[in-house]
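Reading the structure
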Amino acid sequence: MARHLRWSMAVLACVFWNVGAAGAQTVKVTPLGFAAGEFSALDRALLFEDPTGVRILYDPGPTVSPTDSRLGVVHAILVSHGHGDHLGSTPPIAAAKNAAVIAAPNLTNFIGKKVQAITGMPTPSCPPSPPGVGFNEMTVPRPGPCVALLGISGSRVVTMGGSGVEIATVPANHDSSAAAAAVSDPLKTELTTDGLSACLDPANGFAVKFTTNRHGGDGAHTDK
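Anyway, here's the lowdown on the structure attached to this text.

Side note on the overall build of the chain
- For the chain, the count of helices and strands is 5 helices and 14 strands.
- Here the chain holds 224 residues, and the buried ones make up 47% of them.
- The long-range fraction of contacts in the chain, counting pairs at least 24 apart against all pairs at least 6 apart in sequence, stands at 55%.
- For the chain, the accessible surface area stands at approximately 10300 Å², while carbon and sulfur atoms represent 60% of it.

Shown next as structure tokens:
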């Protein structure tokens, strides 16, 4: 686990850099999890706040509570893969915060069903852009939780109007499976019988271009 944390922090140190001329316009980064201000044993969660006000939560594991006072407004949630220490609290946070969940196609469908179990309503796809706006541009805040598919080589822009945060995927050589316990029956029983897990697309890293900075996500992640 210690090596896992060193890898995660090394990735952040290498790919988070300032590309803006004005030092005042910076991205606020808040680590979340059981240990305040640090990466905890079961979480690599980070909350990013762009100078435009867009707030993006990255990989909220099981120790991040929807009632955590540090969360505040969450416009979008990025999920790199299906392991519980990265996916963990995404459904309840998305439901509580009316957040857009951005992840690989099968993973977003899986999360959408989990959100539906909380809200009691089908989780819609995030609506298309208004006429004249880029196809993958999403305006926040949303009136309710939604899911936005983002496959390899895809990109999306999250904006409050005007300049926005651009999110693109990068390949990650890492497993992305959900434990059988997280799957509904009858598939849950079938998987448990054979000692299998459910594949939720390949893992992704994220290249995030803020209006002043960039963050590379989990592209060089390892669990070993």
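Okay, back to it.
Notes on the environment of Gly82
- With respect to the helices and strands, Gly82 occurs in the loop between strand 5 (76-78) and helix 2 (84-87).
- The class for Gly82 is buried, based on a relative accessible area of 5%.
- When the C-alpha atoms of Gly82 and Ala104 are compared, they prove to be 9.7 Å apart, with 22 residues separating the residues in sequence.
- Dropping the residues within four chain positions of it, Gly82 is found in contact with Leu87, Leu107, Ser176, Ser177, Ala178 and Leu200.

Digging into helix 3 (residues 90-97)
- Turning to helix 3, its buried residues number three or more, namely Thr90, Pro91, Ile93, Ala94 and Ala95.
- Close packing links the buried residues of helix 3 with strand 4 (55-58), strand 5, helix 2, strand 6 (100-103) and helix 4 (105-119).
- Where helix 3 ends, the next residue or the one after it, Asn98, has phi of about 55°, a positive value.

Overview of the nonpolar core
- Residues Leu57, Ile77, Val79 and Leu107 are the most contacted members of the largest nonpolar core, which totals 24 residues.
- Of all the elements in the fold, those that place two or more residues in this core are helix 3, strand 6 and helix 4.
- Per element, the largest residue contribution to this core is 4 residues, and it comes from helix 4.
- What Leu107 contacts, discounting residues up to four positions off in sequence, is Val79, Ser80, His81, Gly82, Leu87, Leu200 and Asp201.

Some points on unusual backbone geometry
- For the bond running from Val140 to Pro141, omega is 5°, close enough to zero to count as cis.
- Position of Pro141 relative to the elements: it lies in the loop between strand 7 (137-139) and strand 8 (146-149).
- For the bond running from Asp185 to Pro186, omega is 10°, close enough to zero to count as cis.
- Within the element layout of this structure, Pro186 appears in the loop between strand 11 (177-178) and helix 5 (187-194).
- Positioned with a positive phi, Asp59 is a non-glycine residue whose angle comes to about 50°.

Considerations on the packing of aromatic side chains
- This structure, assessed with the given rule, holds 1 aromatic pair.
- Measuring from ring centre to ring centre gives 5.5 Å for Phe48 and Phe210, while their planes differ by 40°; the resulting arrangement is tilted. Residue Phe48 is located in strand 3 (residues 46-49), and its partner Phe210 is located in the loop between strand 13 (204-209) and strand 14 (213-215); the two are separated by 162 residues in the primary sequence. Both residues of the pair, Phe48 and Phe210, count as buried.

Quick word on the packing of helix 3 against helix 4
- The contact between helix 3 and helix 4 brings their axes to 9 Å, and the two run at 55°. With respect to helix 4, the axis of helix 3 lies oblique. Helix 3 and helix 4 meet at a crossing whose hand is right-handed. Of the residues in helix 4, those in contact with Thr90, Pro91, Pro92, Ala94 and Ala95 of helix 3 are Ile111, Lys114, Val115, Ile118 and Thr119.
- Of the residues belonging to the contact of helix 3 with helix 4, the class tally is 7 nonpolar, 2 polar and 1 charged.

Conventions and cut-offs
Residues numbered from 1 in each chain as written. Predicted model: local features only at pLDDT ≥ 70, side-chain atom pairs only at ≥ 80, totals over all residues. Heavy atoms only, no water. Helix = DSSP H or I, 4+ residues; strand = E, 2+ residues; numbered from the N terminus. Buried < 20%, exposed > 50% of the residue type's maximum accessible area, 1.4 Å probe, protein only. Contact = heavy atoms within 4.5 Å. Areas by Shrake-Rupley, 256 points an atom, 1.4 Å probe, with all protein chains shown as cover. Core = buried A, V, L, I, M, F, W, Y, C linked by side-chain atoms within 4.5 Å. Phe/Tyr/Trp six-rings, centres within 6.5 Å; stacked < 30°, edge-to-face > 60°. Axes fitted to C-alpha atoms, helices over the stretch in contact; angles between N-to-C directions. Parallel < 35°, antiparallel > 145°, perpendicular 65-115°, else oblique. Left-handed = near helix turned anticlockwise from the far one by under 90°. Nonpolar A, V, L, I, M, F, W, Y, C, P; charged D, E, K, R; others polar.

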